[in-house]
Each structure stands twice: as C-alpha cells, then as structure tokens.
Amino acid sequence: EVYPEIVVGNLDAIKIIRQATEGQEADIDTMIENLRAQAAKFVDSDEAAAQGDRLVISYVGTIGGEAFAGGTAEQATVVIGANKMIPGFEEGLVGLSAGEERTLELTFPAEYHAENLRGQVASFVVSVKSVARSVLPAVDAEFFSAYGVQDTDVEGFRTELRKNMEREAKNAVRAKIKQQVVDQLVASAAAEVPSTLVNAEIDRMRQEAVQRFGHGGKMDPAALPAELFREQAVKRVQTGLIFAQIVKDHALRVTDEQVRAKIEDLASSYQDPAQFIEWFMSNPEQKSQMEAAVLEDLVVEHVMS
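What you see is a predicted model, and the numbers here were worked out from it, not measured in a lab.

(A) Looking closely at the overall build of the protein chain. For the protein chain, the helix and strand inventory stands at eight helices and five strands. Ordering the α and β elements of the protein chain from the N terminus gives α-β-β-β-β-β-α-α-α-α-α-α-α. Along the three orthogonal principal directions, the C-alpha set of the protein chain runs to about 75 × 55 × 40 Å. Looking at the protein chain as a whole, 31% of its 305 residues are labelled buried.

(B) Inspection of the pattern of salt bridges at higher detail. Taken as a whole and judged by the stated rule, the model has 17 salt bridges. In this structure, Asp-29 engages Arg-158 in a salt bridge whose closest nitrogen and oxygen atoms are separated by 2.8 Å. Here Arg-158 lies in helix 3 (residues 154–188) and Asp-29 lies in helix 1 (residues 25–38), a separation of 129 residues in the sequence. Classification of Arg-158 as buried rests on a relative accessible area of 10%. Between Glu-47 and Arg-133 there is a salt bridge, with its nearest N and O atoms 2.7 Å apart. Of this pair, Glu-47 sits in the loop between strand 1 (41–44) and strand 2 (54–63) while Arg-133 sits in strand 5 (residues 121–135), and the two are 86 residues apart along the sequence. Through salt bridges with shared partners, a single network forms among Glu-25, Asp-29, Arg-158 and Arg-162.

(C) Quick look at the environment of Ile-263. Looking at where Ile-263 falls in the secondary structure, it is placed in helix 6 (residues 256–267). A residue is classified by how much of its surface remains accessible, and Ile-263, at 0% relative accessible area, is buried. Sequence-wise, Ile-263 and Phe-276 are 13 residues apart; in three dimensions their C-alpha atoms are separated by 8.4 Å.

(D) Quick look at the side chain of Thr-239. Mapped onto the elements, Thr-239 comes out in helix 5 (residues 227–249). At 2.7 Å, the side chain of Thr-239 and the backbone oxygen of Lys-235 are in polar contact. In this view, Thr-239 contacts Val-182 and Val-186; residues no more than four positions away in its chain are not counted.

(E) Region of the structure containing the side chain of Asp-53. Among the secondary structure elements, Asp-53 is positioned in the loop between strand 1 and strand 2. By relative accessible area, which is 2% here, Asp-53 ends up buried. In this structure the side chain of Asp-53 is engaged in a polar contact, spanning 2.9 Å, whose partner is the backbone nitrogen of Ala-50. Contacts of Asp-53, omitting those with residues within four sequence positions, involve Phe-42, Ala-48, Val-78, Val-79, Ile-80, Val-131, Ala-132, Arg-133 and Ser-134.

(F) Focus on helix 1. Taking 1.5 Å of rise per residue, the 14 residues of helix 1 would be expected to cover 20 Å, and the 20 Å separating its terminal C-alpha atoms lies within 8% of that figure. Turning to helix 1, its buried residues number three or more, namely Ile-28, Ile-32, Leu-35 and Arg-36. With its buried residues spanning 100 degrees around the axis, helix 1 presents them on a single face. Buried residues belonging to helix 1 abut helix 2 (141–146) and helix 3.

(G) Structural view of the packing of aromatic side chains. Scanning the entire structure with this criterion turns up 14 aromatic pairs. Judged by centre distance (6.1 Å) and plane angle (85 degrees), the ring pair of Phe-68 and Phe-124 falls under edge-to-face. Of this pair, Phe-68 sits in strand 3 (residues 66–79) while Phe-124 sits in strand 5, placing them 56 residues apart in sequence. By the burial criterion, Phe-68 is buried, and Phe-124 matches it. A centroid spacing of 4.6 Å and a plane angle of 25 degrees characterise the contact between Phe-144 and Phe-157, whose relative ring orientation is stacked. Of this pair, Phe-144 sits in helix 2 while Phe-157 sits in helix 3; the two residues are 13 residues apart in sequence, bridging distant segments of the chain. Accessibility assignment for this pair places Phe-144 and Phe-157 in one class, buried. Put simply, the rings of Tyr-59, Phe-68, Phe-89, Phe-108, Tyr-112 and Phe-124 touch in pairs and so form one group of aromatic residues.

Rules used in this analysis
By convention here, each chain's residues receive numbers from 1 onward along its written sequence. Whole-chain, interface and lining totals are the exception, using all residues; otherwise, since this is a predicted model, local features are given only for residues with pLDDT of at least 70 and side-chain atom pairs are given and counted only at 80 or more. Neither water nor hydrogens contribute to the side-chain values; these are computed over all heavy atoms in the structure. To qualify as a helix, a DSSP run of H or I must reach at least 4 residues; to qualify as a strand, a run of E must reach at least 2; elements of each kind are numbered from the N terminus. Exposure is judged per residue with a 1.4 Å probe applied to protein chains only, and the accessible area is read against the type maximum: over 50% gives exposed, under 20% gives buried, and values in between give partly exposed. For this analysis, a salt bridge means a side-chain nitrogen from Lys or Arg found within 4 Å of a carboxyl oxygen belonging to Asp or Glu. Pairing of N or O atoms within 3.5 Å defines a polar contact, subject to two protein rules: one partner must be a possible hydrogen donor and the other a possible acceptor, and residues neighboring in sequence count only if both atoms are side-chain atoms. Two residues qualify as a contact provided that any one of their heavy atoms is within 4.5 Å of a heavy atom in the partner residue. Under the convention used throughout, the expected extent of a helix is 1.5 Å for every residue step, that is, one less than its residue count. Comment: arc refers to directions from the helix axis out to C-beta atoms. Pairing of aromatic side chains here covers Phe, Tyr and the six-membered ring of Trp, requires ring centres within 6.5 Å, and sorts the geometry by plane angle: under 30 degrees stacked, over 60 edge-to-face, intermediate tilted.

Note that every value here comes from positions in space, so none of it alone points to a role or purpose.
This is the structure:
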C-alpha cells in the first residue's frame, strides 16, 4: 500500500450553523440546586415516603403466581423519582413507612431489555425496611469549598459558576462546529482509505475501549470484534488524512503561545491551574497531544474563514 493522494473538496461549499448561547441568572439558580442535590445527605425518617426519598426495600415479583428471574431482591435501595425501576414501581412506594408492605400490580414496558418480560403483567409484594429523606446542604462557605471555591460569598460563587458555564457552553458550540466541518469535509473530499491505517486505528480504538471499561486490565483488546469499530475507524482515518492535507496545502503551523493558551484554558477549570499547566508543559506526550488538538482547531478555523 502507498500513502493515498488526498483531494480536498470545495471549502466554499461548506455551510456551518454556529449556535448561540446566552446564560440567564435562572440557569445559575438551577445549577446551584443541581449541585445541592448532588451533595445531599439522606437522614432516616419516620414519615411516609415521598418524592426524592431513599428507601431500602425487599420485594418478590410474580407473573401468573410464578416467581421469575430478576423479580426478587433483598435490601434493595430505591430513590423515588430516579426512574431506575419499571414504570409505576417507584410511584407505588409513595406513602409507605418503614415496616409497611404493599402489593404493586405493574406492566413491563414493551421495550424492556428482557424479551420474555415485555408487556407482562407482574405482581410485586414490597416490604419497606427504612425510609431516608434527602437533606440539602446550606449554600455557605463549606458548600463553596466542596466545589473548590474558597474565601467567597454567594455572589462570588455565582460568578465562578457563570465563568464555568460560559466556558462549557463555548466548548460545546466549538465541538458542534468541528463536527459539522469534519462531516462535510469527509463527504466532499476524495480520499482512499488504506486498510493498514484503518487496522491500526481499530487497534487503537480497541485499546481505548479496554482502558475505558477496564475488566481489571485482563481483557485482550484483540478479542473485541474489529467490525465494532470499523465504520468509526474509517471516518477517523479519513478525517486525519484530510486535515493533514489542509495543513500541508495552507502551511498551517502551531506556535508555543497557542499551545500554552489552550492549556491555560483547560487549566482554568482546575483547583490549582498553575500546577496543571506545569504538569502539562513538562510532559512531552501530553504536550504533543495538545499540539495536535491545537492544529485541528487551526484547520477548523481555516475552513470557517
């Protein structure tokens, strides 16, 4: 195999939709409430279960009077409103207190993952062992410090949240633009994809999958079927070839200043930005990956221009 000749399509024909975002004070209010919910502590309650409460239950499920696989549990934890159980199960626990029992008549969804249970009507005898109520933390200095914001008041915390949310929104818009550029470049460019490069990319994706899903490092990446990754691998290779050709055609170059600016932007979301920057700049492999990311940004900016 030889390295393919890449013909980049007409960049003028590419049409990009740039989405706009505008944060409101209500968005910050919602974020604070979400953060409080994440930091909530459950306290045992003698009151009847309500929305948001965490229950420890045991249950026995039957269909037509017969127990079925997966229908029985002891000391199971259920949060009412988390939508982790089949429709009607969590709602059926509302009003129950510790020590009480209730029978729920429920129907499994038509799209349930276990085919033999789809659409089946089941009875669940549920016993409540305990009820715990969610207690939200106060919005105070202790709460702020838990999210890495020190020595500030509510307004200072809201300012930090606004900065973080604006950065996330900017990155999300940038990612959507990049995806549009990639999709249209791949669709319009003439680029043969050598199987050698595709296979190498598949191997990389197998390694990534094993690292992501773990299995204690005992899984052999080669055991994962190549076809699981082929379509995405082809697109990755096509994208890399096209981007490399644009870099070559237009002599795009990355400067140290651009790399550092990218790293500083990333570092701003960390508790100790200076430490993050120092680690990145002193790590050749990480710095190289950042240079590649900046070069991709330059290609996208060139296409946009």
